[in-house]
Every structure is written in structure tokens, then in C-alpha cells.
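Structural overview
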Amino acid sequence: MAQLSDDCFAFSGPLLRLEEMERLITERIVPIAETECVSLHGARGRVVAEEIKAPVDLPPFDNSAVDGFAVRHADLRADGDTTLKISGRLMAGAKAEDALKAGQAIRIFTGAPMPKGADTVFMQEDVMVTGDEVTVPKGLKLGANRRLAGEDAPAGSSVLPAGTVLEVQHVALMAALGLAAIVVRRRLKVAVFSTGNEVVEPGAVRGGASIYDSNRFLLTELLERLGASVTDLGILADDPDTLSRALQDAATAHDLIITSGGVSTGEADYVRDAVKRVGNLVFWRVAIKPGRPVAMGVVKATKGDGGAAFVGLPGNPVAVFVTFVRVVKPLLRRLSGAHPDVLVPLPVRAAFPYRKKKDRREYVRVALKRRSDGEIEAVKHPQDGAGILTSLTETDGLLEFPEDTTSIEPGSRVGFLSYATLLS
Ligand code: AMP
Ligand code: MG
């Protein structure tokens, strides 16, 4: 269960800035403590629970980086070619039994251990072999084409801090270090439901004024991509009793409950009231566009004194997407024990003028194009409504306009976040 105090999001003020929200999350949310051991297969996306140190040197022994001839650098003439006697062959996986003596070279292959005495390797393309002799040119540096034991990671060194979210490259490093299993935090258990009398299941019969549910699918995919274990609680009607009961039931077995819709100030927006009945609602307006109405809080479990964190997202799918990546993701990472995600927007040129209000962060859906001068230009999608799903499928990512910006002119440098970055 999430360790949350009732006032963990306590906030007073009209609009909560994103930095402030991130600070509150870091300060007040206690990550889940439980860990489990997982094998390398299936470790991707999981959060490292304890710092990982290299149990062995990587690579484990000095070896050749190329196919060629290993030599003693001290034997080489500085003023011209050197001819050495070939003393043997060393394939990858073979043991280097004998030390290389003065005046000798050994035929060696990539990954084979360096024999004692040898410190430098000539590439086979650069030498001339005549019978049992090899002639090598002058000028190769001491240690060339040799990989030293531990040059990648020395035994005992810290290779992954606790809180690392395992990506493919981390899994490869663990494998190279011989670690077959890793201690990770358990997966977060997240319950998702949609709200709205007009919302129906895709595939079901749709009445005249109904729309198919897209948010639950969007949220489930986003959450699973981030390693959460998701319970799909379906679509709930706009009814405070139904909503509060569903929230309370979900709080017992989940760390986090996410809803969409019903958090605005419309007459059928009952989600905030429902949360207040069975827990605490602590802030509900974030200085972000699209997406402003975002509710956060805690729902008490029916049994025990635990509870689940709660996030109520807006109903419009694009607002769901943006608030998920900028509000839910930091919360998820914190709850799961992961380091905060540092997003570095890439500089591109805006192809359009833009005006915005001060004091809120705005996200604009754009497609990237390369200009004839080589610069990368961001073209705004023609439709910017928060309900336009094709504005997400027809673009490459979001421009992020900071709080203090009020106007953008065509050609100005702006920050771009790709969907790939935002979703990982
Ligand atoms: P609300 O905040 O509940 O008023 O919802 C705002 C808009 O989002 C309305 O047009 C809803 O029909 C729409 N909406 C709400 N939930 C969903 C959903 N699960 N999938 C697609 N659209 C939704
Ligand atoms: Mg609604």
C-alpha cells in the first residue's frame, strides 16, 4: 500500500505550478518498500532496489580488440618496420599459456586473452606475414587494440544506482557482469477507470449520444509501458454513490487509482465529491495546458489504515495524455522508487507564431520537418482541441512552452519533447 498522509498534497492557491507539484511529490510521497528478485528476462522497465556493484571486472581479463598480432611494444623499432617471430595462435576462448618472449609476436583473434608480456596488437590488415615471421610498421602506440580488464567497469565499482529504471542497455550490462537476477521494487498496482454516462466500450452497441472510451486504453497502455500492473475497472456512470463505492473498493488492493473525466466544474462532474467522501482531495488545478483540471488525493481503504493515491485526470483524451506524462508519470516514478525523470527538450525552430498566458506551462502538438537550410522545424497541428485524437497520431511530439513565455515568433528556438521520450 502506498504510504500517504492525508495532507500529502495539501496545497492552497489557485493554480499549482508543475515544479511545485513535482517538489510536493518528491517531498511527500513515500515510495513502496517491497522488493522482489527477477531474472534478467523481464527485468526491463523494473526499478533497481539496491545499488548494483560490479561483482567482477568487465571485461574480466585483458584481451585483444581486433584480429591481428599481439606484440611487446618495447620490441618495436621507432625508426622503421620490425620483423618478429610468430610464436603461436590464440583464438577467443583459448587460454594464453605462454608468455610472449622478446622478439616474438602471436597471432591473436578478437576477444582472445592477451598473453603475458604482450601489450599491443597490430590489426592483420596492417602487417605482412612471410612464413613464420610478421613484419609490423612503426608508429603504433603502446596499448593499441588491447582491452584492459575492468576498463568498462572495475570489480566493486558502482554500475547502477538504486532507482534506475532498467532499460535494454542496463539489462545487457547486468548480463555482461554475470548477474542472472536483480532485486527490484515490486510493480505498482494501479486501478484505472473511465467516467461518463456517454462513454461506452469499444465494440459495444453505441447509442446516438455516446462515444467510445479511448482514455482507459490510453491510460492502460501508458501505465503498462511504464511497468505498472494495471487493473481495468471499466466505465463508471456519473453518479456520486457509484463513484465513491468504486474508489473505496479499489483503494484496498492498489497503490494508485486513476480516473478520467468528471473532474471539471460541470454539473455531472462528481469525481471530486466522490473522493472527498472516501478520502481527501487536495488540489485540483494545475498550471498546465491542455489539462488544467487534475485532481489529486488519497482514497482510504475499506480495511486497515492504508489507502491509495488518487489522480483524477480530465476527460478529453489529449488532456489525458499531456497530464499523464507531466503529472502522473512523476508520481508513478516516485511511488515506484525510481529517480525523477529528467526531460531535456531538444531545440528546434517554431514554424508558427504562438501566444500564451503567463504562469502556465503549455504543450503544443507538432510534426517535425527539415528545412532546406538543415534546421529542424516544428509545425503545429492544425487542430489543437483537447479532444482531437488525430492531433496526437499525426504529430511527432510536444513543444514545451515555459511559464514565463508569453509569445513565440516563427523561427524562434523552442524545446521539443518526442512522444518516444515522453512515453519511456
Ligand atoms: P468531462 O471532464 O467528464 O466533462 O469530459 C470532457 C470531455 O471528454 C467530454 O467531451 C467527454 O465526453 C470526453 N471524455 C470523457 N471520458 C472519455 C473517455 N473515456 N474517452 C473519450 N472521451 C472521453
Ligand atoms: Mg464526464
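Our subject is the structure listed above.
This report concerns the structure included in the present document. Just so we're clear, the structure is a prediction, and the values are computed from it rather than from any experiment.

**Regarding the site of ligand 1**
Within the structure, ligand 1 sits among 14 residues, and Glu198, Asp213, Ser214, Gly262 and Gly315 are positioned closest to it. In the complex, 75% of the free accessible area of ligand 1, which totals 490 Å², lies under the protein chains. Looking at the shell around ligand 1, the elements with two or more residues in it are strand 13 (189-195) and strand 15 (211-212). Here the residues of the shell around ligand 1 sort into three nonpolar, eight polar and three charged.

**Points about the side chain of lysine 329**
In this structure, lysine 329 sits in helix 6 (residues 317-335). For lysine 329, the side chain forms a polar contact with the side chain of aspartate 341, separated by 2.8 Å. A polar contact is formed between the side chain of lysine 329 and the backbone oxygen of serine 424, at a distance of 2.8 Å. In this structure lysine 329 touches Leu226, Phe324, Asp341, Thr421, Leu422, Leu423 and Ser424, once residues within four positions along its chain are discounted.

**Notes on helix 3 (residues 215-225)**
Buried residues of helix 3: Asn215, Arg216, Leu219, Thr220, Leu222 and Leu223, and no others. Axial view of helix 3: buried residues confined to an arc of 165°, hence all on one face. Exposed and facing more than 90 degrees away from the buried side of helix 3 are Glu221 and Arg225. Taken together, the buried residues of helix 3 touch strand 13, strand 16 (229-236), strand 17 (256-260), strand 21 (307-313), helix 6 and helix 8 (419-423).

**Here we look at the side chain of serine 336**
With respect to the secondary-structure elements, serine 336 resides in the loop between helix 6 and strand 22 (346-350). Of the residues examined, serine 336 reaches a relative accessible area of 12% and is grouped as buried. Polar side-chain contacts of serine 336 include one of 3.1 Å to the backbone oxygen of arginine 333. For serine 336, the contacting residues outside a window of four places in its chain are Ile32, Val47, Arg185 and Leu188.

**Some remarks on the packing of helix 4 (residues 240-253) against helix 5 (residues 271-278)**
A pair of packed helices is captured by two measures, namely the crossing angle of their axes and the spacing between those axes. Running from amino to carboxyl end, helix 4 crosses helix 5 at an angle of 50°, the nearest separation of the two axes being 8 Å. As judged from the angle between their axes, helix 4 and helix 5 are oblique. Considering the relative orientation of helix 4 and helix 5, their crossing is right-handed. Every residue of helix 5 that contacts helix 4 at Pro240, Asp241, Leu243, Ser244, Leu247 and Gln248 is listed here: Val271, Ala274, Val275, Arg277 and Val278. Among the residues making up the contact of helix 4 with helix 5, the classes are represented as seven nonpolar, two polar and two charged.

**Points about the pattern of salt bridges**
Summed over all chains, the structure comprises 28 salt bridges. When the shortest N-O distance is used, the salt bridge between arginine 23 and glutamate 27 registers 2.6 Å. Note that arginine 23 and glutamate 27 are positioned in helix 1 (residues 18-28) at a spacing of four residues, about one turn of the helix. The closest approach of N and O atoms between aspartate 132 and lysine 85, which form a salt bridge, is 3.4 Å. Here aspartate 132, found in the loop between strand 8 (128-130) and strand 9 (133-136), pairs with lysine 85, found in strand 5 (residues 82-90); they are 47 residues apart in sequence, far enough to count as distant. Classification of aspartate 132 as partly exposed rests on a relative accessible area of 43%. Residue classification places lysine 85 among the partly exposed residues on the basis of a relative accessible area of 43%. What you see here is one network of salt bridges that share partners, running through Arg17, Glu19, Glu22, Arg326, Asp359, Arg361, Glu400 and Glu403.

**What about the pairing of strand 20 (residues 293-300)?**
Along any regular strand, the residues point their side chains to alternate faces of the sheet. For strand 20, the buried fraction is high: seven of the eight residues fall into the buried class. Pairing of strand 20 with strand 21 involves six bridges; the strand directions are antiparallel. Counted as the bridge partner of valine 298 is alanine 309 from strand 21. Taking the residues that link successive antiparallel strands as the turn, the strand 20-strand 21 hairpin has six residues, and the phi of glycine 304 there is positive, at about 70°.

Criteria and cut-off values
- Residues numbered from 1 in each chain as written.
- Chains lettered and ligands numbered in written order.
- Predicted model: local features only at pLDDT ≥ 70, side-chain atom pairs only at ≥ 80, totals over all residues.
- Heavy atoms only, no water.
- Near = heavy atom within 4 Å.
- Areas by Shrake-Rupley, 256 points an atom, 1.4 Å probe, with all protein chains shown as cover.
- Helix = DSSP H or I, 4+ residues; strand = E, 2+ residues; numbered from the N terminus.
- Nonpolar A, V, L, I, M, F, W, Y, C, P; charged D, E, K, R; others polar.
- Polar contact = N/O pair within 3.5 Å; in protein donor to acceptor, adjacent residues only side chain to side chain.
- Contact = heavy atoms within 4.5 Å.
- Buried < 20%, exposed > 50% of the residue type's maximum accessible area, 1.4 Å probe, protein only.
- Arc of directions from axis to C-beta.
- Axes fitted to C-alpha atoms, helices over the stretch in contact; angles between N-to-C directions.
- Parallel < 35°, antiparallel > 145°, perpendicular 65-115°, else oblique.
- Left-handed = near helix turned anticlockwise from the far one by under 90°.
- Salt bridge = Lys/Arg side-chain N within 4 Å of Asp/Glu carboxyl O.
- Pairing = 2+ DSSP bridges.

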